[in-house]
Amino acid sequence: MVHLGPKKPPARKGSMVDVPQELLAELNTLEQQFAVSGEQLIKISEHFAEELGKGLSKEGGNIPMIPSWVVEYPTGKESGDFLAIDLGGTNLRVVLIKLGGDRTFDSTQSKYKLPEEMRTTQKPEELFAFIAESLKNFVDEQFPKGVDKPLPLGFTFSFPASQKKINSGVLQRWTKGFDIPNVEGHDVVPMLKAEIEKRNIPIDVVALINDTTGTLVASLYTDGDTKMGVIFGTGVNGAYYDVVKDIPKLEGKLASDIPGESVMAINCEYGSFDNEHVVLPRNKYDIQIDEESPRPGQQAFEKMSSGYYLGELLRLAILDLHSKGLILKDQDMTKLNKPFIMDTSYPSRIEDDPFENLEDTDEILQSEIGIKTTVQERKVIRRICELIGTRSARLGVCGIAGVFKKRGYKSGSVACDGSVFNRYPDFKEQAAQALRDIFGWEKGEASSYPIVLTAAEDGSGAGAAVIAALAQKRLAAGLSVGVVDA
Ligand SMILES: Nc1ncnc2c1ncn2[C@@H]1O[C@H](COP(=O)(O)OP(=O)(O)OP(=O)(O)O)[C@@H](O)[C@H]1O
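A.B. asks: Just give me the short version of the overall build of the chain, but keep the residues and values in it.
C.D. replies: Counting secondary structure elements, the chain contains 15 helices and 13 strands. Whereas a compact globule of 486 residues would reach a radius of gyration of roughly 23 Å, the chain reaches 23 Å, a difference of no more than 12%. When its C-alpha atoms are laid out on the principal axes, the chain stretches across 70 × 50 × 50 Å. By the burial criterion, 57% of the 486 residues in the chain qualify as buried. Expressed as a percentage of contacts within the chain between residues at least 6 apart in sequence, the contacts between residues at least 24 apart total 72%. Carbon and sulfur atoms provide 49% of the accessible area of the chain, an area that totals close to 20200 Å².

Encoded structure:
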């Protein structure tokens, strides 16, 4: 198709000629505050590799490094009907997966938006009732005549949950703005099962899965060269396969059917990287977000790079310029004063504005935020969006580089999912550039680089199905799916 519409204006300081000097000087400060140099990236990814190792040690570290009890690579031959649910940070997805047994699968999916108040409801059963209701609607619709035997379900729960076995998961702590009492420290599988049983839905929960592990396994089911599954969504996280003998914290806890040479998929939960603030270059907005968050001091890496926070960073930077009297004089700031009023679609859409006068941005800010901007102000706001998005991509890949360094991988593909990866303008290009900065590759097409980031959209449903299939097979064969005595 020939693209006849307006082209997105490139980022260029030249177009800022009509921006007042004082404002330009402030923008310059912002450029420095959001910049992450190649040297910094190298330092961060090296520290990342060390911290990943620490998380696997007996003493533990800041990064949870959760063994997922997926102890095989998928063969591609797994087959059958499976249900998968995926509770991310923003949506609940319910999927019926038909694994073809020949590296192919078919899926039918429904998406249910999680009501905003559900994130902080005081009654945990409301969350699980919402999931069970959605499941019931889906199963009734897909199987109007009922089913012969319970449908195996893989529950993708994208929060840090420690797992002593594959069909349980104790929530370690809420992330991504969730804060529901009496769930942390508890196994979430019985909570879901209770609501399923109340409604007599014919479902057997066989595996609890993290979305990163699901993305990793789904991609391996179709592409044998996948080294990692990574999410750039509401949160940031990655999963990869390690080897049991290199996981000291499992020493002495495994049955002989999971030997030292066995692989083990690890859900890193690396959003908590550098909670000690040793290497991440935090600026004043990052510090403010952290201090005003329900959990100060936690999820340092996530707070600087994930979708939950990018719009908020933009809001804080705009407010800062306004408080200095540099932009939005005499505008009604009521909406903009509301924390988290802008999600990441704001910087994303603003950066994507194809018009030289940033007409789309004008419309977004007027109709949704109630502020009228001048062209100069919009140019500055757009540049801030670029700074925030670029930093997110550059920092975001340090988790990938850390895993490759830790495992000694020189090449491979990384299956990526999440709206920030899929929809944020230039994110993929900036991410590839950052990996090049870290590994010192020759400049070329991103697809020719040794580490290739591939889109694994909606792969985690298939991953949950493949993992459920692997778990079912092990359970049927009487093999262990967790620590001894779990
Ligand atoms: N157009 C857009 N461009 C970039 N990011 C967006 C866009 N629209 C929404 N987002 C951001 O994407 C995030 C949601 O990501 P995603 O759709 O991958 O959800 P999720 O599955 O709930 O995330 P996670 O897997 O991390 O829990 C939100 O934080 C939102 O701010």
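A.B. asks: How would you sum up the site of the ligand? Please name residues and give values.
C.D. replies: What surrounds the ligand is a group of 20 residues, the closest being G89, T90, K176, S348 and S419. Within the side chain of D211, an N or O atom sits 2.9 Å from an oxygen atom of the ligand. Within the backbone of G307, one N or O atom sits 3.2 Å away from an oxygen atom of the ligand. Computed on the free molecule, the ligand has an accessible area of 650 Å², of which 90% lies beneath the protein chains in the complex. Within the residue set of the shell around the ligand, elements represented by two or more residues are β3 (91-100), α8 (307-323), α9 (345-351) and α13 (419-423).

A.B. asks: Any chance you could break down the sheet that holds strand β10 (residues 236-243) for me, citing the residues and the numbers?
C.D. replies: Here we have six strands laid out as an open sheet, ordered β1-β11-β10-β9-β12-β13, and mixed in their pairing. Looking at the sheet topology across the chains shown, the edges are occupied by β1 (66-67) and β13 (451-455). Strand direction decides the pairing type here: β1 and strand β11 (residues 263-267), joined by two bridges, are antiparallel. In the strand pairing of β11, P67 is matched with I266. Packing against the sheet, helix α5 (residues 211-222) makes contact with β9 (226-232), β10, β11 and β12 (412-417), and its axis sits at approximately 140° to β9. The sheet contacts of helix α14 (residues 427-439) involve β9 and β13, and relative to β13 the element is tilted by about 160°.

A.B. asks: Could you give me a rundown of the pattern of salt bridges, with the residues and numbers involved?
C.D. replies: A complete count under the given rule lists 31 salt bridges for this structure. R474 is the salt-bridge partner of E72, the closest N and O atoms lying 3.1 Å from each other. Here E72, found in the loop between β1 and β2 (79-87), pairs with R474, found in helix α15 (residues 459-476); they are 402 residues apart in sequence, far enough to count as distant. Exposure remark for E72: the relative accessible area of 26% places this residue in the partly exposed category. The buried category is assigned to R474, whose relative accessible area is 7%.

A.B. asks: Give me the lowdown on helix α10 (residues 359-369), citing residues and values where you can.
C.D. replies: Within the sequence span of α10, burial applies to T361, D362, I364, L365 and I369. Buried residues of α10 fall within an arc of 165° about the axis and therefore sit on the same side. Along its buried surface, α10 packs onto α9 and α11 (375-396). Remark: G370 follows α10 within two positions and exhibits a positive phi of approximately 75°.

A.B. asks: Account for the nonpolar core, naming residues and giving values.
C.D. replies: Counting residues in each nonpolar core, the largest one holds 120 residues, and the members touching the most others are Y270 and I400. Here this core takes ten residues from α8, the largest share from any one element. Excluding anything up to four places from it in sequence, I400 contacts M228, V230, F232, Y270, V414, L435, I451 and L453. Ranked by size, the runner-up nonpolar core spans 37 residues in total, among them L96, F157, I196 and I203.

A.B. asks: Now, about the pairing of β10: what can you tell me, with residues and values included?
C.D. replies: Of all eight residues in β10, eight are buried, a share of seventy percent or more. Both faces of β10 are covered, namely the face carrying V236, G238, Y240 and D242 and the face carrying N237, A239, Y241 and V243. By the bridge criterion, five bridges tie β9 to β10 in an arrangement that is antiparallel. Looking at β10, one finds that V230 is bridged to G238. Note: β10 against β11, five bridges, orientation antiparallel. By the bridge assignment, Y240 is partnered in β11 with I266.

A.B. asks: Outline the packing of helix α2 (residues 38-56) against helix α12 (residues 398-407), supporting the account with residue identities and numerical values.
C.D. replies: Packing of α2 against α12 leaves a shortest axis separation of 8 Å and a crossing angle of 60°. Considering the angle they form, α2 stands oblique to α12. Taken as a pair, α2 and α12 cross one another with a handedness that is right-handed. Here L41, I42, I44, S45, E46, F48, A49, L52, G53 and L56 of α2 lie close against α12, whose contacting residues are C398, G399, A401, G402, V403, K405 and K406. Residue composition of the contact of α2 with α12, by class: ten nonpolar, four polar and three charged.

The rules behind the values
Residues numbered from 1 in each chain as written. Predicted model: local features only at pLDDT ≥ 70, side-chain atom pairs only at ≥ 80, totals over all residues. Heavy atoms only, no water. Helix = DSSP H or I, 4+ residues; strand = E, 2+ residues; numbered from the N terminus. Rg over C-alpha atoms; globule rule 2.2 N^0.38 Å. Buried < 20%, exposed > 50% of the residue type's maximum accessible area, 1.4 Å probe, protein only. Contact = heavy atoms within 4.5 Å. Areas by Shrake-Rupley, 256 points an atom, 1.4 Å probe, with all protein chains shown as cover. Near = heavy atom within 4 Å. Polar contact = N/O pair within 3.5 Å; in protein donor to acceptor, adjacent residues only side chain to side chain. Pairing = 2+ DSSP bridges. Axes fitted to C-alpha atoms, helices over the stretch in contact; angles between N-to-C directions. Salt bridge = Lys/Arg side-chain N within 4 Å of Asp/Glu carboxyl O. Arc of directions from axis to C-beta. Core = buried A, V, L, I, M, F, W, Y, C linked by side-chain atoms within 4.5 Å. Parallel < 35°, antiparallel > 145°, perpendicular 65-115°, else oblique. Left-handed = near helix turned anticlockwise from the far one by under 90°. Nonpolar A, V, L, I, M, F, W, Y, C, P; charged D, E, K, R; others polar.

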